Amino acid sequence: RQRRELKALPTLSELALLPPPLRTLAVPTKEDLVGQILQVLSVCYSKTRAWNHLLECADLALELHVCPLSSELRWEFLLRRGVALTHLAEARMKQGDPPSLGQLQAALDDLQEVLDDRPRDEAAQKAMATVRFLMEQVPACRDDDRPDSPVRGLARL
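This is a predicted model, so every value here is computed, not measured. (Residues numbered from 1 in each chain as written. Predicted model: local features only at pLDDT ≥ 70, side-chain atom pairs only at ≥ 80, totals over all residues. Heavy atoms only, no water.)

Time to look at the packing of helix α2 (residues 30-47) against helix α3 (residues 51-62). Helix packing geometry: the angle between the two helix axes and the distance between the axes. Their axes nearest at 8 Å, the elements α2 and α3 cross at an angle of 160°. As far as their axial angle goes, α3 and α2 are roughly antiparallel. Crossing geometry of α2 relative to α3 is assigned as left-handed. Seen from α2, the contacting residues are Leu38, Leu41, Ser42, Tyr45 and Ser46; seen from α3, they are Trp51, His53, Leu54, Cys57, Leu60 and Ala61. Residue composition of the contact of α2 with α3, by class: eight nonpolar, three polar and no charged. (Axes fitted to C-alpha atoms, helices over the stretch in contact; angles between N-to-C directions. Helix = DSSP H or I, 4+ residues; strand = E, 2+ residues; numbered from the N terminus. Parallel < 35°, antiparallel > 145°, perpendicular 65-115°, else oblique. Left-handed = near helix turned anticlockwise from the far one by under 90°. Contact = heavy atoms within 4.5 Å. Nonpolar A, V, L, I, M, F, W, Y, C, P; charged D, E, K, R; others polar.)

This next bit is on the environment of Thr130. Within the secondary structure layout, Thr130 lies in helix α6 (residues 122-137). It is 7.4 Å that separates the C-alpha atoms of Thr130 and Thr86, two residues lying 44 residues apart in sequence. For Thr130, the contacting residues outside a window of four places in its chain are Thr86 and Glu90.

The next point concerns the packing of helix α4 (residues 71-94) against α6. It is the contact of α4 with α6, at a shortest axis distance of 10 Å, that shows an interaxial angle of 35°. Remark: the crossing between α4 and α6 carries left-handed chirality. Every residue of α6 that contacts α4 at Leu79, Val83, Thr86, Ala89, Glu90 and Met93 is listed here: Ala123, Ala124, Ala127, Thr130, Val131, Leu134 and Gln137. Across the contact of α4 with α6, the residue classes tally to nine nonpolar, three polar and one charged.

This is how it looks when you write it as structure tokens:
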């Protein structure tokens, strides 16, 4: 039989050489959970092409600051909001209405912000090309195009 040798308790100098204890995982805050939920919702709305709902979801995350956003998550929401605005403008064109210039400009701003930080993002480049194409389809907004303009009839054309 082998005899077990009892070791003495480690000394203070030996304790200093031990690796640090494992940290416990941080409990996610309510804001972190809201951010994760909004991220999953935005993916679901994109897959189902529910662009109005996706727009609301991205606005909640970006404008109302309901959750802290990392830079990656912020870019994702900006990209998704830009794509949603593009699809909504495109849907208006398919119905025979001109696309909303405000929506296209907002999409352009969001996508440009993404491309400023991630210039090689293929999804943002593709969406930007679509926005530029749609903006070319919109007639130039002149002062005399407004319905409250004093110029009427053939003179307005």
